[in-house]
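# Per-entry structural report
The primary structure of each chain is shown beneath.
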Amino acid sequence: MTSSDAWTGVRKVFAWACVVLAGIFSMAPAGSGADFKREYKLQVNVGPSFYWGIGASKFADLVKEKTGGRIHIKPYFGSSLLKGAQLNCAQMVAKGVIDCAYESTINISPVIGEANVFHLPFFINSFDNLDKMKAGQSGRAVFDAMTQKGLQPLAWAENGFRQVTNSKRPIQTPEDLKGLRIRVVGNPLFMETFRQLGADPVNMNWGDAQTAFQQGVVDGQENPVGVLVPVQIWQYHQYATMWNYLVDPLVIYWNQKQWQAFPADIQKAILEAAEASGRFEIALCRAGLDGEKSIGILKKEFNYEMEVPNPVQFMESKGMTVTFLDDGQVKAFAEATRPVLEKWTQEIGADLVAKAKADMAR
């Protein structure tokens, strides 16, 4: 055998190997392998036992399932990625420091001012109106504003309508709030709403607030029912008022540049996971507050049984007095806070508020 024959044999073997490798790679899913990070960090404001946290875990699980394990999301609870600086989330995701977020519209509002359309006092009032806004022009306007800031919005979730609790008395009229020190989210719209009602709003983290409740330094607070039950608010407050004064939708979103680099099949899988987890999480937050609708969604679509299917009844069983305001009482609060609504309509944009009104009228 000559050296020429040997070299010819080597070339044949090499050519055959190339064909085999090409076949293997052609069968691999588009974008699979080293293109993906080992872990995608998901910012979550609350702990894993809150409905919001349960929804975030559901999102991570669904993404892993729908991408065949190619995308692994790790939720970082309690704003641990932000060291408690919750209002920095949108900037960190836009910069790519954090990959994605399951985040409150309250926390994105310093960057996405349009999100405050959901926080106008006594403006939305019902789940039906909220759903119309999210699906309508005003919801799209919020998503459009996010894309302009380097964020890719995927789906809506929910923290819920915010209710007020306190240790002093039932709140049924604006006068009942006068002089009460209320722990409030630091958003200036929230602060101004309570000041307009004659209360003394105080911005503090939850750990400090609990101590302040125990010492009687702060009389009350505002949060959705999905927060009131896990934090066992009855340890501090006897009275709860269900007034739906404003709502706190959540948005599931991703760093835009990173999102655009994903192949189409991965984008589709993540989007489907976001929409499904959002529907699941919304049902958690509304369970027991919209009749049997959300409880039915959880059972039929997700095979999930609520531990506390009737949160209002549960709070009452713990000794709380829960007051539901009628339409006339809500109207009195709306009239009392009208100056705040009018001011913030101009801040947010009269056109956007008009779109929200049109959405709700559909």
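A brief report on the enclosed structure follows. (Residues numbered from 1 in each chain as written. Predicted model: local features only at pLDDT ≥ 70, side-chain atom pairs only at ≥ 80, totals over all residues. Heavy atoms only, no water.)

Helix and strand counts for the protein chain stand at 16 helices and ten strands. A principal-axis box enclosing the C-alpha atoms of the protein chain has dimensions of 105 × 45 × 40 Å. Burial analysis of the protein chain (362 residues in total) assigns 52% to the buried set. Here the contacts in the protein chain between residues at least 6 apart in sequence split such that 73% fall between residues at least 24 apart. One finds the centroid of the 37 positive side-chain charges in the protein chain at a distance of 5 Å from the centroid of its 37 negative side-chain charges. (Helix = DSSP H or I, 4+ residues; strand = E, 2+ residues; numbered from the N terminus. Buried < 20%, exposed > 50% of the residue type's maximum accessible area, 1.4 Å probe, protein only. Contact = heavy atoms within 4.5 Å. Lys, Arg positive; Asp, Glu negative; His and termini not counted. Charge placed at Lys NZ, Arg CZ, Asp CG, Glu CD.)

Think of two packed helices as two axes; the pair is described by the angle between the axes and how far apart they sit. Put simply, helix H7 (residues 188-196) and helix H15 (residues 338-348) touch, their axes get as near as 9 Å, and they point 155° apart. Between H7 and H15, the angle falls in the class roughly antiparallel. Handedness of the crossing formed by H7 with H15: right-handed. Of the residues in H15, those in contact with Pro188, Leu189, Glu192, Thr193 and Gln196 of H7 are Pro339, Val340, Lys343 and Trp344. A breakdown of the residues in the contact of H7 with H15 according to their chemical character gives five nonpolar, two polar and two charged. (Axes fitted to C-alpha atoms, helices over the stretch in contact; angles between N-to-C directions. Parallel < 35°, antiparallel > 145°, perpendicular 65-115°, else oblique. Left-handed = near helix turned anticlockwise from the far one by under 90°. Nonpolar A, V, L, I, M, F, W, Y, C, P; charged D, E, K, R; others polar.)

Before going further, it helps to spend a moment on the packing of helix H5 (residues 127-135) against helix H16 (residues 350-361). Two elements in contact, H5 and H16, have axes separated by 8 Å at closest approach and are oriented at 120°. The orientation of H5 with respect to H16, classified from their angle, is oblique. Between H5 and H16 the crossing geometry is right-handed. Within the contact between the two elements, H5 uses Asn129, Lys132 and Met133 and H16 uses Ala356, Asp359 and Met360. Residue composition of the contact of H5 with H16, by class: three nonpolar, one polar and two charged.

Let us now look at the pattern of salt bridges. Any two side chains of opposite charge can pair, so long as their charged atoms come close to each other. Under the counting rule described, the total for this entry stands at 17 salt bridges. A salt bridge links Asp265 to Arg70; the nearest nitrogen and oxygen atoms lie 3.1 Å apart. Of this pair, Asp265 sits in helix H11 (residues 264-286) while Arg70 sits in the loop between helix H2 (51-66) and strand S2 (73-76), placing them 195 residues apart in sequence. Accessibility expressed as a relative area gives 33% for Asp265, which makes it partly exposed. Note that Lys134 and Glu158 form a salt bridge whose closest N and O atoms lie 3.5 Å from each other. You can see Lys134 sitting in helix H5 and its partner Glu158 sitting in strand S4 (residues 151-166), a full 24 residues away along the chain. For the residue pair Lys134 and Glu158, the accessibility class agrees, reading buried in each case. Three or more residues joined by partner-sharing salt bridges are found here, namely Asp131, Lys134, Glu158 and Arg286. (Salt bridge = Lys/Arg side-chain N within 4 Å of Asp/Glu carboxyl O.)

As a further point, take the nonpolar core. Among the nonpolar cores identified, the biggest contains 58 residues, and Phe118, Ile124, Met146, Leu177, Phe194, Trp243 and Tyr253 are the most heavily contacted of them. Here the element with the most residues in this core is helix H6 (residues 137-147); it accounts for five residues. If we ignore the near neighbours within four places in the chain, the residues touching Tyr253 are Cys89, Ala90, Val93, Cys100, Ala101, Glu103, Ile108, Met146, Leu151, Gln152, Pro153 and Leu154. The next biggest cluster of nonpolar side chains, apart from the first, holds 50 residues, and it includes Ala60, Trp206, Ile266 and Ala273. (Core = buried A, V, L, I, M, F, W, Y, C linked by side-chain atoms within 4.5 Å.)

Moving on, we come to helix H8 (residues 206-215). Along H8, the residues that are buried comprise Trp206, Ala209, Ala212 and Phe213. Along H8, the residues classed as buried sweep out an arc of 115° about the axis, all on the same side. Exposed side chains of H8 directed beyond 90 degrees from the buried face belong to Gln214 and Gln215. Tucked into the core, H8 has its buried residues touching strand S5 (181-183) and strand S7 (220-224). Its side-chain oxygen 3.2 Å from the backbone nitrogen of Gly207, Asn205 forms the N-cap of H8. (Arc of directions from axis to C-beta. Polar contact = N/O pair within 3.5 Å; in protein donor to acceptor, adjacent residues only side chain to side chain.)

Another aspect to go through is the environment of Gln346. Among the secondary structure elements, Gln346 is positioned in helix H15. Measuring from C-alpha to C-alpha, the distance between Gln346 and Leu289 comes to 32 Å, with 57 residues separating the pair along the chain.

Turning next to the environment of Val229. With respect to the helices, strands and loops of the structure, Val229 is situated in the loop between helix H9 (225-228) and strand S8 (239-242). Its relative accessible area of 12% is what places Val229 among the buried residues. Sequence separation between Val229 and Ser167 is 62 residues; the distance between their C-alpha atoms is 16 Å. For Val229, the contacting residues outside a window of four places in its chain are Trp234, Val308, Pro311, Phe314 and Met315.

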